[in-house]
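These are the residues of each chain, in order.
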Amino acid sequence: MPTLDDILENVGEFDRFQKQTFFVLCLLSAAFTPVYVGVVFFGFTPEHRCLSPGVAELSQQCGWSLEEQLNHTVPEWGGHGASFSSRCRRYEVDWNTTGISCTDPLGSLVGNRSTVPLGPCQDGWVYDYPGTSLVTEFDLVCEDSWKLDLFQSSVNAGFFIGSINIGYIADRFGRKFCLLSTILANAICGILLVFVPTYLWIVILRFLQGLVSKGCWTAGYILVTEVVGPKYRRTVGILYQTAFSVGLLVFDAIAYAIPHWRWLQLTVTLPSFFFLLYYWCLPESPRWLISQGKNDKAMKIVSDMAKKNRKKMPSHFEDIKFEEEDVGKQSPSLIDLVRTPQMRKNTLILMYNWFTSSVLYQGLIMHMGVAAGNMYLDFLYSALVEFPAAFIIIVTIDRIGRRYPWAASNLVAGAACLVTALIPEDIHWLKVIAACIGRMGITMAFEMVCFVNTELYPTYIRNLGVMVCSSLCDVGGVIVPFIVYRLVEVWHDLPLIVFTVLGLIAGGLVLLLPETKGRVLPETVEDVENFHRQSAPKAKKIYLHVQTSEAAHD
């Protein structure tokens, strides 16, 4: 008997109805960018030095250039780049003293330059940056630099907690309700961020944004993959993530045009209120409705789908029901993720791969950023590399499947990290190429873990399963700064060795998962347990009553 996927073949698998849904959800995906990577611009740390009263007046009096001023008045300033002392310490002298020499000001003050005492920046800092950021507004540098880490950690903490709670809401109350409620909450928090005056409230609101925004993005991903037919499911899943990459480019351009973090926050938040119009233009997932026993509402959406796609609904499709009377309405439960052997194996491997993808994806960006360059160009390059990764996935998964390209991408990422670590520093261009190959590999792995995750769980628990597994991505996001910034102090390329081990293990574990190419989405745990068999699973629990004319005569 026909399944819901069979119905979509009749009313359109990716026609006008699905394309409209896909387009509006892609806008939502792109708008998630400022929350996920906004710290790059909101928390930009420019070059800085202590503010020393009297230095500016002395520099003007002596006619110094900026470089001469820095050489005379900033500790350890020279050709070796900025250091902790040059950024966080100042000479404990009175620059307002009369009779200071313009050629050797320190010598005229204390006699021996090497004996000049250093002290903290009691009067604040001078920042070499035309705009503003959280760092420049709240002086999150030197002894207070950890506060910027807390700002980013609060987002990931929100992601982690929200992954569970928002996932349950989406599976319990529906994808559409989850989307609209989280869009509203995220927009309100984003606007409040513009106006709150204290660092503490900014961290709290950032946490609340993380609590709802990732769940919103993932619920949109689930919805867009549930309203299309199986032939297009993996493609729209990849393109939904590619919309995030487009969002990276747009965010980079806006940040370049608006270098003031509060105005930038306002600019990227206001469009979120337009997403509330989704109440009128987005459908509920018919798969979720069926899993909840709301068959009439599901068929209403299918009928609207047929009308929008200008397809005629076959007359013998009259109703959808569950085959077994005792199935009834299914409620999601965390225990279901590990209750049976195949579900347990899937869950553990997916959790590890989410963790690894996050650590390598963010870690490679952080590691390349240790040697500071033009942040707008660096951000642009890191965004552009994601597009060929998406193209490779689309080309390969139809022909080869999910499992082997996914495993290969992890293995390539791990191997590229090892190669990057072994290349000498003086062959910088080759190190950059190897690092970019690693970034492309882990980008492929990150995109594939997302859509394969949806294919390995039954409908009634699919959203919760994705949320729980992807929560390990947030754990990775919290840990990776410590992996990168602490280990580089031991050896600059030591983080790459850690990335190599993580990536190679992830590639091996992927090979233990079942292939989902050509399979219909599982509707029950039993379907998942049968996934490892070579033959396609037997017909789903969702069937159509076919009322023929003969049956009518009976």
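Residues numbered from 1 in each chain as written. Predicted model: local features only at pLDDT ≥ 70, side-chain atom pairs only at ≥ 80, totals over all residues. Heavy atoms only, no water.

The chain carries the name Major facilitator superfamily (MFS) profile domain-containing protein in an unreviewed UniProt entry, which gives Calidris pygmaea as its organism. Regarding the chain, the UniProt comment filed under Sequence similarities (unreviewed entry) reads as follows: "Belongs to the major facilitator (TC 2.A.1) superfamily. Organic cation transporter (TC 2.A.1.19) family." (UniProt positions renumbered as here; feature names shortened; annotations may be inferred.)

Draft legend 1. Quick look at the confidence of the model for the chain. The pLDDT averaged across the chain works out to 82; a share of 88% of its residues lies at or above 70. The weakest mean pLDDT in the chain belongs to helix α26 (residues 549–553) at 39; the strongest belongs to helix α14 (residues 261–269) at 95. Taken as a whole, residues 322–328 scores under 50 in pLDDT and shows twelve contacts with residues more than four places along the chain or in a different chain. Of the regions scoring below 50 in pLDDT, residues 534–554 engages in 44 contacts with residues more than four places distant in sequence or in other chains. (pLDDT = per-residue confidence, 0-100. Helix = DSSP H or I, 4+ residues; strand = E, 2+ residues; numbered from the N terminus. Contact = heavy atoms within 4.5 Å.)

Draft legend 2. Spotlight on the packing of helix α12 (residues 199–226) against helix α13 (residues 230–257). Following both chains from N to C, one finds α12 and α13 inclined at 155°, their axes separated by 9 Å at the closest point. Considering the angle they form, α12 stands roughly antiparallel to α13. Regarding α12 and α13, the two cross each other, and that crossing is right-handed. Judged by residue contacts, W217, G220, Y221, V224 and T225 of α12 engage R233, V236, G237, Y240 and Q241 from α13. (Axes fitted to C-alpha atoms, helices over the stretch in contact; angles between N-to-C directions. Parallel < 35°, antiparallel > 145°, perpendicular 65-115°, else oblique. Left-handed = near helix turned anticlockwise from the far one by under 90°.)

Draft legend 3. Layout of helix α20 (residues 386–397). The terminal C-alpha atoms of α20, which comprises twelve residues, lie 17 Å apart, in line with the 16 Å expected from a rise of 1.5 Å per residue. Listed in full, the buried residues belonging to α20 are E386, A389, A390, I393, T396 and I397. Projected down its long axis, α20 shows its buried positions confined to an angular sector of 140°, all on one face. (Expected span 1.5 Å × (residues − 1). Buried < 20%, exposed > 50% of the residue type's maximum accessible area, 1.4 Å probe, protein only. Arc of directions from axis to C-beta.)

Draft legend 4. Examining the packing of aromatic side chains more closely. According to the stated counting rule, one finds 23 aromatic pairs in the structure shown. Ring centres of F32 and F159 lie 5.9 Å apart, and the angle between their planes is 50°; this geometry places the pair in the tilted category. Of this pair, F32 sits in the loop between α2 (16–31) and α3 (33–37) while F159 is found in helix α10 (residues 146–173), placing the two residues 127 residues apart along the sequence. The class for F159 is buried, based on a relative accessible area of 1%. In this structure an aromatic cluster arises from ring pairing among F32, Y36, F159, W217, Y221, Y240 and F244. Taking the ring centre of W354 as reference, the NZ or CZ of K214 above it sits at 6.0 Å. Above the ring of Y404, the side-chain terminus of R403 is found at 5.3 Å from the ring centroid. (Phe/Tyr/Trp six-rings, centres within 6.5 Å; stacked < 30°, edge-to-face > 60°. Lys NZ or Arg CZ within 6 Å of the ring centre and 35° of its normal.)

Draft legend 5. Geometry of the packing of helix α1 (residues 4–11) against helix α17 (residues 295–308). In the contact formed by α1 and α17, the axes pass within 9 Å of each other and the chain directions differ by 25°. Relative to α17, the element α1 lies roughly parallel. When α1 is examined against α17, the residues L4, I7, L8 and V11 are found in contact with a partner set consisting of V302, M305 and A306. Taken together, the residues of the contact of α1 with α17 sort by class into seven nonpolar, no polar and no charged. (Nonpolar A, V, L, I, M, F, W, Y, C, P; charged D, E, K, R; others polar.)

Draft legend 6. Here's a closer look at a nonpolar patch on the surface. Side chains of L184, I188, L192, L270 and F273 sit close together on the surface and give an oily, nonpolar patch of about 400 Å² of accessible area. Looking at where L192 falls in the secondary structure, it is placed in helix α11 (residues 175–195). (Patch = residues over 30% accessible without salt bridge, like charges linked within 9 Å, V, L, I, M, F, W, Y side chains within 5 Å. Areas by Shrake-Rupley, 256 points an atom, 1.4 Å probe, with all protein chains shown as cover. Salt bridge = Lys/Arg side-chain N within 4 Å of Asp/Glu carboxyl O.)

Draft legend 7. Summary view of the side chain of N156. Structurally, N156 can be placed in helix α10. With a relative accessible area of 3%, N156 lands in the buried category. Within the local environment of N156, its side chain forms a polar contact with the backbone oxygen of Q152, the two atoms lying 3.2 Å apart. Those residues in contact with N156, other than ones at most four positions away along the chain, are D474, G477 and V478. (Polar contact = N/O pair within 3.5 Å; in protein donor to acceptor, adjacent residues only side chain to side chain.)

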